[in-house]
Amino acid sequence: MSESVNVLKTIGVSSYFKGASDLAFTPERLRNASLNKVDLLYLESLGKLGKISVNDVELLRLRTKQEKIRQLVCFLANLFNGKCISYSVMKTLRPFAYAGSDVDVLLKEPNDFTNAVKVLQNRGFLLSESQNRFTATLAQHDSDIYVDLQLEATVSSLPYMNKHVLFQNVKNVQIDGVTVKTLNAPAELIIVASHALYKEHMYTLADFYSSVLTLTHDNVKATCDLAEKTMSKLAVSTLFVWTQKIANLAFKTNIPAVTAALAVLDYSVPERMLSGSDLRLPFRLSKYFIFFSLMNKIYKDSYTRSGLVNALAESLSQEQLRRIICHFERQSY
């Protein structure tokens, strides 16, 4: 945990805590930042503190990757806007320097999903063999950045988020003169929290920064209302409780907006699931807690429950059963 704390202290939290200038750069800390998906943010912070050259090779590589993602987002927006495809970019345009490996796009209707796949294939994108009725992954030849099209946000073919509510929270942003449809701040927080819990089974420092930099006093109520509407209070509360623990560990204080949100949510999260003497980052949640959370989601959320029959039907196939077993047994992302 000590290396993660050093990475956190080096970066700091804008408007809350300045980055620590007395911490040296080490390969181990960069490796930890990479595992936590904040390697670009870490290197950018080191550059501002004068700890590395502004022409550092790895920093330039990650900046180039971030720019490729930005260009791909604009390309997709132009293409989908022109074809009248209803979409929203999600989990990609983070509120900090971020160089991910894909662009996540949620499609509103089945015909939007089908058309999006077709128009990308017509533009030379190659379709991955892992396609199913809810997701399709495509990439251009020799590209290291993927387009992840999603008709539903699912785990093992089970939808964990009511996308119709998400599409009520889409906004337009301008990127390099292109109108891009993406989720507003509350919806982005909801999907980040739910994805981390139900799909990834872990929290990274990227989730921490998404939480503390997206949540503000101005959107606390809207975020909590949306968590209630999407039956995501457990996922959001768990992320916020964990975020507060990390802030206390690294900076010895709470994040005010997170404190306010937890007071509004008023949801009891099993503390023992988020504690331990060896709190490693990325922080992997226990299989028991994941199972409990998913069962809770199915019980409370009619949207998720409505997809249960289809998910079970798909699970009868040997291949789908293998995927489910691998999903719950995997040890890393």
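Anything mentioned here points back to the structure above.
The present account deals with the structure reproduced in this document. (Residues numbered from 1 in each chain as written. Predicted model: local features only at pLDDT ≥ 70, side-chain atom pairs only at ≥ 80, totals over all residues. Heavy atoms only, no water.)

Right, let's talk about helix 4 (residues 57-82) for a bit. Structural remark: α-helix, 3.6 residues per turn; residues separated by three or four positions point the same way. In a regular helix each residue adds 1.5 Å, so 26 residues correspond to 38 Å; helix 4 covers 38 Å between its end C-alpha atoms and thus fits that length. Leu59, Leu62, Lys65, Ile69, Leu72, Val73, Cys74, Leu76, Ala77, Leu79 and Phe80 are the residues of helix 4 that are buried. One side-chain oxygen of the residue at the start of helix 4 lies 3.1 Å from the amide nitrogen of Glu58, identifying that residue as Asp56. Phi turns positive one or two residues past the end of helix 4, at Cys84, with a value near 55°. (Helix = DSSP H or I, 4+ residues; strand = E, 2+ residues; numbered from the N terminus. Expected span 1.5 Å × (residues − 1). Buried < 20%, exposed > 50% of the residue type's maximum accessible area, 1.4 Å probe, protein only. Polar contact = N/O pair within 3.5 Å; in protein donor to acceptor, adjacent residues only side chain to side chain.)

In this section: the state of the cysteines. Enumeration according to the criterion identifies 0 disulfides in this entry. With no disulfide of its own, Cys74 lies closest to Cys84 among cysteine sulfurs, the gap being 19 Å. Judged by its relative accessible area of 9%, Cys74 falls in the buried class. (Disulfide = S-S within 2.5 Å.)

Our next topic: the pairing of strand 5 (residues 146-150). Burial runs high along strand 5: 4 of the 5 residues are buried. Judged from the 5 bridges that link them, strand 2 (residues 102-107) and strand 5 form a sheet pairing that is parallel. Among the inter-strand pairings, Asp104 is bridged to a residue of strand 5, identified as Asp148. Of the pairings in the sheet, the one linking strand 4 (residues 135-139) to strand 5 comprises 4 bridges and is antiparallel in character. (Pairing = 2+ DSSP bridges.)

Okay, the packing of helix 7 (residues 185-200) against helix 10 (residues 233-251) next. Running from N to C, helix 7 and helix 10 cross one another at 85°; their axes reach a closest spacing of 8 Å. Comparing the axis directions of helix 7 and helix 10 gives the class roughly perpendicular. Residue-level inspection shows Leu189, Ile190, Ala193, Ser194, Leu197 and Tyr198 of helix 7 in contact with helix 10, the latter providing Ala235, Val236, Leu239 and Phe240. Residue classes in the contact of helix 7 with helix 10 are distributed as 9 nonpolar, 1 polar and no charged. (Axes fitted to C-alpha atoms, helices over the stretch in contact; angles between N-to-C directions. Parallel < 35°, antiparallel > 145°, perpendicular 65-115°, else oblique. Contact = heavy atoms within 4.5 Å. Nonpolar A, V, L, I, M, F, W, Y, C, P; charged D, E, K, R; others polar.)

Right, let's get into the pattern of salt bridges. Using the criterion set out here, one finds 9 salt bridges in the structure. Asp176 serves as the salt-bridge partner of Arg70, at 3.2 Å between the closest nitrogen and oxygen. One end of the pair, Arg70, is in helix 4; the other, Asp176, is in the loop between strand 8 (170-175) and strand 9 (178-183), with 106 residues separating them in the sequence. One salt bridge in this structure joins Glu228 and Lys233, with 3.4 Å as the shortest N-O distance. Accessibility expressed as a relative area gives 44% for Glu228, which makes it partly exposed. (Salt bridge = Lys/Arg side-chain N within 4 Å of Asp/Glu carboxyl O.)

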